[in-house]
Amino acid sequence: MSDAVQPTAAEVRAAADALKNAIDRHLEAIERRATGQAAEADAEADVYTAFNEMAAAGEVYDELLYDVYDEVTPFEVPATEGPTGYAGPERPEYLSVLMRRDYVVVDPRRLRGQAQRVTELDPETSGAEAADVREAAGGSLHAALGVIFGEFDPDEIASRHKEFGLEEGDATLWVAAGDEPVEPGEWLAAPFEAVDPERVICRFDISDAFDEEDLGSLR
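None of the values given here were measured: they were computed from a predicted structure.

**Brief notes about the overall build of the protein**
Part 1: Within the protein, the regular secondary structure consists of 8 helices and 3 strands.
Part 2: Listed by position from the N terminus, the elements making up the protein come as α-α-β-α-α-α-α-β-β-α-α.
Part 3: A sequence separation of at least 24 residues applies to 76% of the contacts in the protein between residues at least 6 apart.

**Comments concerning the pattern of salt bridges**
Part 1: Scanning the model with the defined rule gives 10 salt bridges in all.
Part 2: Two residues, Arg33 and Glu44, come together in a salt bridge whose shortest N-O distance is 3.4 Å. Placement of the pair is Arg33 in helix H1 (residues 9-35) and Glu44 in helix H2 (residues 40-69), with a sequence separation of 11 residues.
Part 3: Through salt bridges with shared partners, a single network forms among Glu156, Arg160 and Glu163.

**Comments concerning the pairing of strand S2 (residues 166-178)**
Note on strand geometry: in a regular strand, side chains alternate between the two faces of the sheet.
Part 1: Summarising the sheet, strand S1 (residues 94-105) and S2 pair through 11 bridges and their orientation is antiparallel. Residue Val105 lies in a different strand from S2, and its bridge partner there is Leu166.

**Here we look at H2**
One turn of an α-helix holds 3.6 residues; hence residues three or four places apart share an orientation.
Part 1: Relative to the 44 Å expected for 30 residues at 1.5 Å per residue, H2 spans 42 Å between its end C-alpha atoms, a close match to the ideal helical length.
Part 2: Every buried residue of H2 is accounted for by Ala43, Val47, Ala50, Met54, Ala55, Ala57, Gly58, Tyr61, Asp62, Leu64 and Leu65.
Part 3: Structurally, H2 contributes buried residues whose contacts are with H1.
Part 4: Immediately downstream of H2, the backbone of Asp70 shows phi near 60 degrees, a positive value.

**Some remarks on the side chain of His161**
Part 1: Relative to the helices and strands, His161 is located in the loop between helix H6 (154-159) and S2.
Part 2: Beyond its immediate chain neighbours, meaning those up to four positions away, His161 contacts Tyr103, Leu166, Glu167 and Glu168.

**Focus: a negative patch on the surface**
Part 1: Where like charges cluster on the molecular surface, the negative patch consists of Glu167, Glu168, Asp170 and Asp208.
Part 2: Looking at where Glu167 falls in the secondary structure, it is placed in strand S2.
Part 3: According to the relative accessible area criterion, Glu167 is partly exposed, its value standing at 44%.

**A short note on helix H3 (residues 108-120)**
Part 1: Over its 13 residues, H3 runs 18 Å from end to end, which matches the ideal 18 Å to within 8%, given 1.5 Å per residue.
Part 2: Listed as buried for H3 are Leu111, Gly113, Gln114, Ala115, Val118 and Thr119.

**Regarding the packing of H1 against H2**
Part 1: Relative orientation of the contacting elements H1 and H2 amounts to 160 degrees, with a least axis distance of 8 Å. Put simply, H1 runs roughly antiparallel to H2. The element H1 and its partner H2 pack so that their crossing is left-handed.
Part 2: Here the contact of H1 with H2 is built from residues that sort into 22 nonpolar, 2 polar and 7 charged.

**A short note on a nonpolar patch on the surface**
Part 1: A contiguous nonpolar patch, built from Val182, Trp187 and Leu188 and spanning about 300 Å² of accessible area, is present on the exposed surface.
Part 2: For Leu188, the location among the structural elements is in the loop between S2 and strand S3 (200-206).
Part 3: Residue Leu188 is classed as exposed on the basis of its relative accessible area, which comes to 56%.

**Considerations on the packing of aromatic side chains**
Part 1: All chains considered together, the criterion is met by 2 aromatic pairs.
Part 2: Ring geometry for Phe152 against Phe164: centres 5.0 Å apart, planes inclined by 40 degrees, an arrangement best described as tilted. Separated by 12 residues along the polypeptide, Phe152 in the loop between helix H5 (141-151) and H6 and Phe164 in the loop between H6 and S2 bring together distant segments of the chain.
Part 3: Overall, Phe164 belongs to the buried group, its relative accessible area being 1%.

**Description of the environment of Tyr66**
Part 1: Relative to the helices and strands, Tyr66 is located in helix H2.
Part 2: Separated by 54 residues in the primary sequence, Tyr66 and Val12 place their C-alpha atoms 9.5 Å from one another.

Definitions and limits used
Residues numbered from 1 in each chain as written. Predicted model: local features only at pLDDT ≥ 70, side-chain atom pairs only at ≥ 80, totals over all residues. Heavy atoms only, no water. Helix = DSSP H or I, 4+ residues; strand = E, 2+ residues; numbered from the N terminus. Contact = heavy atoms within 4.5 Å. Salt bridge = Lys/Arg side-chain N within 4 Å of Asp/Glu carboxyl O. Pairing = 2+ DSSP bridges. Expected span 1.5 Å × (residues − 1). Buried < 20%, exposed > 50% of the residue type's maximum accessible area, 1.4 Å probe, protein only. Patch = residues over 30% accessible without salt bridge, like charges linked within 9 Å, V, L, I, M, F, W, Y side chains within 5 Å. Areas by Shrake-Rupley, 256 points an atom, 1.4 Å probe, with all protein chains shown as cover. Lys, Arg positive; Asp, Glu negative; His and termini not counted. Charge placed at Lys NZ, Arg CZ, Asp CG, Glu CD. Axes fitted to C-alpha atoms, helices over the stretch in contact; angles between N-to-C directions. Parallel < 35°, antiparallel > 145°, perpendicular 65-115°, else oblique. Left-handed = near helix turned anticlockwise from the far one by under 90°. Nonpolar A, V, L, I, M, F, W, Y, C, P; charged D, E, K, R; others polar. Phe/Tyr/Trp six-rings, centres within 6.5 Å; stacked < 30°, edge-to-face > 60°.

As structure tokens, this is what we get:
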């Protein structure tokens, strides 16, 4: 049996109260910035500080909640720095949002069936063309995936993935600062290739590895 002192229910309650107060301070800082009650630079700094305090309070609460009750919070606390530390502008004017979600096709028949239904409801296809599209969507997994991911946006697929015969895997979202907008089409051939880790403002990661590995090393 470990000699380490285990946290108490009272500490969990205190951490919850601290998180509530941090949320209030964060919202107040945002409201002050929105109403112009402080100089713009000061208001931005206040929001940034309040954000970091809220993230830290959320992490403490999450750890204590898990240690005492074996429960976790329903939200991810974002990292405020990239993997090597943020070295971008304090007030970025241009952002790149990079997202990756992995899926496993666990029910190909369901996926093809949903793709066929989508093509049947498409008003732009008719007659022999519609029959060809439906046949391709129902018979080819590649075609079915093209129909589903072409019809639904990524957030809708994430919320309805089971309907499409998919199982969620890891997911990550990065917000990176840029100096200026790039030329149209410039990064489309390799969208993730030019990301500078030192310009990642925050990131959100979701993975089953957080449950399977030693949680103490991840928190």
